[in-house]
Amino acid sequence: MNVLGIETSCDETAAAVLQDGIVKSNIISSQLVHQKYGGVVPELASRAHQRLIVPVVEEALHIAGIKKEQLESVAVTYGPGLVGALLVGLNFAKALAYGLKIPFIGVNHMEAHLYSNFIDEPKPNFPLLCLIVSGGHTQLVLVRQFFHHQLLGETLDDAAGEAFDKVAKMLGLGFPGGPIIDKLAKQGNPDFVKFPRSFLDEDSFDFSFSGIKTSVLYWLRGHKILPADSQQITINHELLTNLCASFQAAVVDVLIEKIMRALRKFEVKDVAVAGGVSANSELRRRTQELAQRQGFKLHIPKFEYCTDNGAMIAMVGWLKLKGGIRSDFGLNAVANLSL
Ligand SMILES: Nc1ncnc2c1ncn2[C@@H]1O[C@H](COP(=O)(O)OP(=O)(O)OP(=O)(O)O)[C@@H](O)[C@H]1O
Ligand SMILES: [Mg+2]
């Protein structure tokens, strides 16, 4: 069974072919046009998807060694995301599936992040606790069986990835900021500044990251590194690495604490992390350490399946298809689709 997965919810134009659940190709074109703006510009994203969708899909088919006529289904993200960006992939996928007379499956992007952990072996067992940490979401989810998700908690303000990106911007670093902070933090002292950790109420599984971000801003202002009337930061490399390490430690501490709370309340032997921030080396190290201490099986996707990609969309498509689920061609894009 050849399933094509298409992803255009934000600033990655991506397509992948899965053959009986095995990845045969996974093509990702990251739009560089947004870098100079320090964030994704929705209209530019839609236009870039329009330019890239055909070559990216053609490349995915070529690498998989198949022709489009050999496809048996097309899966595509229909939300959440930027509506104009979603529409490009969704309409392309519908047209392709309609023309080929094969099933078309709309995929929830957050479900796809979650099920990116099912791409490689060993596959997680249920019940599964999954922390989804991405650019727009931070969610703690209990999965009792395929597509039965209980949302335990989510962010009340900024997503973890968003906090990384905003702090990176403050520090005069590029976009996206997560990988840059991760790299710099390796050389820094995580105890240099004790930024606040928002653990919220004792029994809360929710998250809040806007406070940490504001604390970094006030610290920079207080130390005259970032003047109140300017975006121009003056900072030496050592201080920069120390601030990156201290900020990252604060974010990771909160994420780890929420996993520990859920482990105390729910009987689970498998824990997964997914989404762009799951590429973070400190989060990976700390969750691995926790897994050893607490004796659970940890699942984190390969780096190429952490940030947006077509393979995770195709994986959900394949799982749904096996379960007899397909979508109606009337399906529309849903910008704020929930899990
Ligand atoms: N090594 C890293 N450390 C920390 N953050 C990272 C790392 N690599 C990527 N990120 C962050 O991951 C985010 C991108 O992840 P992803 O592609 O899953 O998000 P998105 O698709 O934009 O948002 P969503 O999935 O919520 O719609 C960015 O915020 C980026 O900074
Ligand atoms: Mg994403």
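Refer to the preceding data block for the structure.
The structure presented is a predicted model; accordingly, all values stated were derived computationally and were not measured.

Turning our eyes to something else, we now look at the packing of helix α4 (residues 160-170) against helix α6 (residues 210-222). Between α4 and α6, the shortest axis-to-axis distance is 10 Å and the interhelical angle comes to 10°. The angle between α4 and α6 places the two elements in the roughly parallel class. On the side of α4, the interface is formed by K166, V167 and M170, while α6 contributes K213, V216, L217 and L220.

Moving on, we get to the sheet that holds strand β4 (residues 73-79). One open sheet holds the five strands; their spatial order is β3-β2-β1-β4-β5, and the pairing between them is mixed. Whereas interior strands pair on both sides, the edge strands pair on one side only; in this sheet they are β3 (22-30) and β5 (104-108). Between one strand axis and the next, the sheet turns by 20° as a mean value, whatever way the strands run. Contacts between helix α2 (residues 83-100) and the sheet are confined to β1 (2-7), β4 and β5, with β4 contributing the most and set at about 155° to the helix. The strands touched by helix α9 (residues 310-322) are β1, β2 (12-19), β3, β4 and β5; relative to β1, the strand with the most contacts, the crossing angle is about 130°.

When four donors bind a metal tetrahedrally, each ideal donor-metal-donor angle is 109.5 degrees, and when six bind octahedrally, the ideal angles are 90 or 180 degrees. Every protein donor of the magnesium ion (ligand 2) is accounted for by H109 (NE2), H113 (NE2) and D308 (OD), and the metal-donor separations fall at 2.1 to 2.2 Å. In primary sequence terms, the donor set of the magnesium ion (ligand 2) follows H-x3-H-x194-D. Of this pair, H113 sits in helix α3 (residues 109-115) while D308 is found in the loop between β10 (297-299) and α9, placing the two residues 195 residues apart along the sequence. Each member of the pair, H113 together with D308, is buried.

Moving on, we come to helix α1 (residues 42-64). Because the α-helix completes a turn every 3.6 residues, residues three or four places apart line up on one side. With 23 residues, α1 extends 31 Å from end C-alpha to end C-alpha; this agrees with the ideal 33 Å at 1.5 Å per step. At L52, α1 shows its maximal kink, close to 45°; a proline, P55, follows between one and four residues later. Residues of α1 that are buried include every one of A45, S46, A48, H49, I53, V56, V57, A60, L61 and A64, and no others. Tucked into the core, α1 has its buried residues touching β1, β2, β3 and α2. Phi for G65, located one or two positions after α1, is positive at around 75°.

Let us look at the side chain of H109. With respect to the element layout, H109 can be found in helix α3. Residue classification places H109 among the buried positions, given a relative accessible area of 6%. Setting aside anything within four residues of it in sequence, one finds H109 in contact with E7, S9, T77, G79, P80, D308 and M312.

Across all of its chains, the model carries 16 salt bridges by this definition. Close ionic contact of K186 with D182 constitutes a salt bridge, the shortest N to O distance being 3.8 Å. We classify K186 as exposed; its relative accessible area is 60%. According to the relative accessible area criterion, D182 is buried, its value standing at 9%. Note that E257 and R264 form a salt bridge whose closest N and O atoms lie 3.8 Å from each other. One salt-bridge network, in which partners are shared between bridges, spans D158, E162, K166 and K213.

The rules behind each value
Residues numbered from 1 in each chain as written. Chains lettered and ligands numbered in written order. Predicted model: local features only at pLDDT ≥ 70, side-chain atom pairs only at ≥ 80, totals over all residues. Heavy atoms only, no water. Axes fitted to C-alpha atoms, helices over the stretch in contact; angles between N-to-C directions. Helix = DSSP H or I, 4+ residues; strand = E, 2+ residues; numbered from the N terminus. Parallel < 35°, antiparallel > 145°, perpendicular 65-115°, else oblique. Contact = heavy atoms within 4.5 Å. Pairing = 2+ DSSP bridges. Donors = N, O, S within 2.8 Å, 3.2 Å for Na, K, Ca; no water. Buried < 20%, exposed > 50% of the residue type's maximum accessible area, 1.4 Å probe, protein only. Expected span 1.5 Å × (residues − 1). Bend = angle between axes of the 7 residues up to and from the residue. Salt bridge = Lys/Arg side-chain N within 4 Å of Asp/Glu carboxyl O.

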